[in-house]
Amino acid sequence: MSEAAFAAMIAEYTASEAAKRVLLETVSVADLVPALVSLVAAAASEQGASETAAEVTAYSMRLIVLCIVSQPAHLSVLTSAMTSEFLDTALIQCGDAGVRAEVAIGLYNLVSQVGASSSKNGPHELFLQRLLGLLPPFAGSSAPAPMDQYREYFSLLVELISSTISTRGIANEELTTVACSAIECLLTRGTREYDDGVTDEVLAGYLDVARVVVSGDASVLDKVTLSETAAGVIATRLEAAGSLAAGLVDVLHEDALFATLAADDRRSSDAPPPPMCKSPRTRQAAYSLQLQLASLSSSSAASLLEKLAPHHEDDSFAQVSGWRYYPGANARAASGYCGLVNFGCTCYVNAMLQQLFMMAPFRRGVLALRPGAGGSAGGGESPLQYAVRT
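Every value quoted in this text rests on a predicted model; they were computed, and no experiment measured them.

A. Representation of the overall build of the protein chain within the structure. Along the backbone of the protein chain there are 18 helices and zero strands. In the protein chain, of all internal contacts separated by at least 6 residues, the share reaching a separation of at least 24 is 70%. When the accessible surface of the protein chain is split by element, carbon and sulfur atoms take 56% of a total near 19,900 Å².

B. View of the packing of aromatic side chains. In the structure shown here, the tally under the stated rule is five aromatic pairs. Judged by centre distance (6.4 Å) and plane angle (45°), the ring pair of Tyr 150 and Phe 154 falls under tilted. Counting every residue linked through ring pairs, the aromatic cluster contains Phe 138, Tyr 150, Tyr 153, Phe 154 and Tyr 206. Lying over the aromatic face of Tyr 59, Arg 62 brings its terminal NZ or CZ to 5.0 Å of the ring centre. Taking NZ or CZ as reference, Arg 283 lies 5.8 Å from the ring centre of Phe 258, over its face.

C. How the structure looks around the nonpolar core. Counting residues in hydrophobic clusters, the biggest one holds 88 residues, and the most contacted among them are Leu 78, Leu 91 and Phe 127. Excluding its chain neighbours within four sequence positions, the residues that come into contact with Leu 78 are Val 33, Val 37, Ile 64, Ile 68, Leu 110 and Phe 127.

D. Looking closely at the pattern of salt bridges. Enumeration according to the criterion identifies nine salt bridges in this entry. Between Asp 208 and Arg 211 there is a salt bridge, and its shortest N-O distance comes to 3.7 Å. You can see Asp 208 and its partner Arg 211 sitting in helix H11 (residues 201–216), three residues apart, about one turn around the helix. A salt bridge links Arg 237 to Asp 250, with the shortest nitrogen-to-oxygen separation between them at 2.6 Å. Note that Arg 237 is positioned in helix H12 (residues 228–241) and Asp 250 in helix H13 (residues 244–257), a separation of 13 residues in sequence.

E. Up close: helix H8 (residues 123–132). For H8, a buried count of eight out of ten residues is recorded, marking the element as mostly surrounded by other parts of the structure. Residues of H8 that are buried: Pro 123, His 124, Glu 125, Leu 126, Phe 127, Leu 128, Leu 131 and Leu 132. On its buried face, H8 sits against helix H5 (75–81), helix H6 (84–93), helix H7 (97–114), helix H9 (151–168) and helix H10 (173–188).

F. Focus on a nonpolar patch on the surface. A cluster of nonpolar side chains, namely Leu 340, Val 349, Met 352 and Leu 353, defines an oily patch on the protein surface of about 340 Å² accessible area. Among the residues examined, Met 352 registers a relative accessible area of 47% and is labelled partly exposed.

G. Spatial organisation of the confidence of the model for the protein chain. Here the protein chain averages 80 in pLDDT, and 75% of its residues register 70 or above. Within the model, the stretch residues 319–324 combines pLDDT values under 50 with eight contacts to residues more than four positions away or in other chains.

H. Expanded view of unusual backbone geometry. In the segment running from Pro 274 into Pro 275, the intervening peptide bond is cis, with an omega of 0°. Following the sequence through the fold, Pro 275 ends up in the loop between H13 and helix H14 (280–294).

I. Structural detail: the side chain of Arg 189. Positionally, Arg 189 belongs in the loop between H10 and H11. Overall, Arg 189 belongs to the buried group, its relative accessible area being 7%. Setting aside its immediate chain neighbours within four residues, Arg 189 contacts Pro 137, Phe 138, Met 147, Glu 184, Asp 200, Val 202 and Leu 203.

J. Layout of the packing of helix H4 (residues 51–70) against H7. Axis separation between H4 and H7 bottoms out at 8 Å; the angle between their running directions is 10°. As summarised for this structure, H4 and H7 are arranged roughly parallel, according to the angle between their axes. Residues Ala 53, Ala 54, Thr 57, Ala 58, Met 61, Val 65, Ile 68 and Val 69 of H4 form the contact with H7, whose own contacting residues are Gly 98, Val 99, Glu 102, Val 103, Gly 106, Leu 107, Leu 110, Gln 113 and Val 114.

K. Seen up close, the environment of Tyr 150. Residue position: Tyr 150 is located in the loop between H8 and H9. The buried category is assigned to Tyr 150, whose relative accessible area is 0%. Sequence spacing of Tyr 150 and Leu 91 is 59 residues, and the spatial spacing of their C-alpha atoms is 7.5 Å.

L. Representation of the packing of helix H3 (residues 29–44) against H6. At a minimum axis distance of 9 Å, the contact between H3 and H6 shows a crossing angle of 45°. Put simply, H3 runs oblique to H6. The hand of the H3/H6 crossing is left-handed. Residues Val 37, Val 40, Ala 41 and Ala 44 of H3 touch H6, and the partners they reach there are Phe 86, Thr 89 and Ala 90. Grouping the constituent residues of the contact of H3 with H6 by class yields six nonpolar, one polar and no charged.

M. Spotlight on the environment of Gly 197. Locating Gly 197 in the fold gives a position in the loop between H10 and H11. Sequence separation of Gly 197 and Lys 278 is 81 residues, and the distance between their C-alpha atoms is 9.1 Å.

N. Highlighting the side chain of Asp 96. By secondary structure assignment, the location of Asp 96 is in the loop between H6 and H7. No salt bridge is formed by the buried Asp 96; the nearest opposite charge belongs to Arg 100, separated by 6.4 Å. Look past the residues within four positions of Asp 96 in its chain and what remains in contact with it is Gly 48, Ala 49, Ser 50 and Ala 53.

O. Highlighting the state of the cysteines. If you walk through the whole model with that rule in mind, you get zero disulfides. Free cysteine Cys 345: the closest other cysteine sulfur is in Cys 347, separated by 8.2 Å. Overall, Cys 345 belongs to the exposed group, its relative accessible area being 70%.

Definitions and limits used
- Residues numbered from 1 in each chain as written.
- Predicted model: local features only at pLDDT ≥ 70, side-chain atom pairs only at ≥ 80, totals over all residues.
- Heavy atoms only, no water.
- Helix = DSSP H or I, 4+ residues; strand = E, 2+ residues; numbered from the N terminus.
- Contact = heavy atoms within 4.5 Å.
- Areas by Shrake-Rupley, 256 points an atom, 1.4 Å probe, with all protein chains shown as cover.
- Phe/Tyr/Trp six-rings, centres within 6.5 Å; stacked < 30°, edge-to-face > 60°.
- Lys NZ or Arg CZ within 6 Å of the ring centre and 35° of its normal.
- Core = buried A, V, L, I, M, F, W, Y, C linked by side-chain atoms within 4.5 Å.
- Buried < 20%, exposed > 50% of the residue type's maximum accessible area, 1.4 Å probe, protein only.
- Salt bridge = Lys/Arg side-chain N within 4 Å of Asp/Glu carboxyl O.
- Patch = residues over 30% accessible without salt bridge, like charges linked within 9 Å, V, L, I, M, F, W, Y side chains within 5 Å.
- pLDDT = per-residue confidence, 0-100.
- Axes fitted to C-alpha atoms, helices over the stretch in contact; angles between N-to-C directions.
- Parallel < 35°, antiparallel > 145°, perpendicular 65-115°, else oblique.
- Left-handed = near helix turned anticlockwise from the far one by under 90°.
- Nonpolar A, V, L, I, M, F, W, Y, C, P; charged D, E, K, R; others polar.
- Lys, Arg positive; Asp, Glu negative; His and termini not counted.
- Disulfide = S-S within 2.5 Å.

Laid out in structure tokens, this is it:
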């Protein structure tokens, strides 16, 4: 039997009624669940990604779910073991995406099978509260973990928020506060993504949170209060758009999705160039929120269609690259080097110069040359010597 087939058989068995009866009769859930949580915490604390750690986490989480579903009276044992510190370690600080994913899936399955509850003592409400307590800062200081490690955390948070709203039919004050934070993130976070494959999962997560809260209860937008900084960013757009939803549609379009640098400003600093959303993940989150906001009124939808129309014209992308829109075109490479512009027939010369530049002795020798006492722009150097050195 293959390893995959064996794993499938175990998964099928642990989901069966027979397995639940065996656990009920032979296993002390009060002892097993804390041990399994400790095992998951140990796997999450390992350095680097490990297939073994992900598998250990997957089976441990399945057993935890099975124990609690078969003996719900022991739910308090689980909630005592899965503290906010555990969630932070296993869902955010853990550097193994496989482990983070298995923890998020396990917790979602647990909440789904035990049932969403409006009670403060229910697993749904309890884990939602603990996850909300781990929301990362979005402006100024850096988040406590790399920004690309928040995907699983936000995925679970969004699912719990969505089920909360569907159960209650309205966002409570706490979710309204979270929506305010999400909109603040959009307006004040700034650009964090370079073109090096690192996704700003903090921005994407907050955009998803805003979308799910607004889709469940659009009246949240009427209760939003913004900081002075965020209000200043959107002030002129609010005057033109007439509503917060329409103003946010404009911000998403102009700043998050389609902002570009003028040719003279490209590569002028180490700061990430616009737009805010370069990766497929953040762009998808921005588009989804924009669509949700535009659906709230016919005027917002008409405004968005008007903004999108020019991008479907024949020469719409000429200002960016001549034939397509590619946000990463303005980004500095991860190495820090800028490269040379190809004028159409200089690619081989450019390649040769770049090779020579990477030869440290040659580079130092050229840069060490000192111009003579001439009066030309090159100071007395030959034109070729001056061109190569500069």
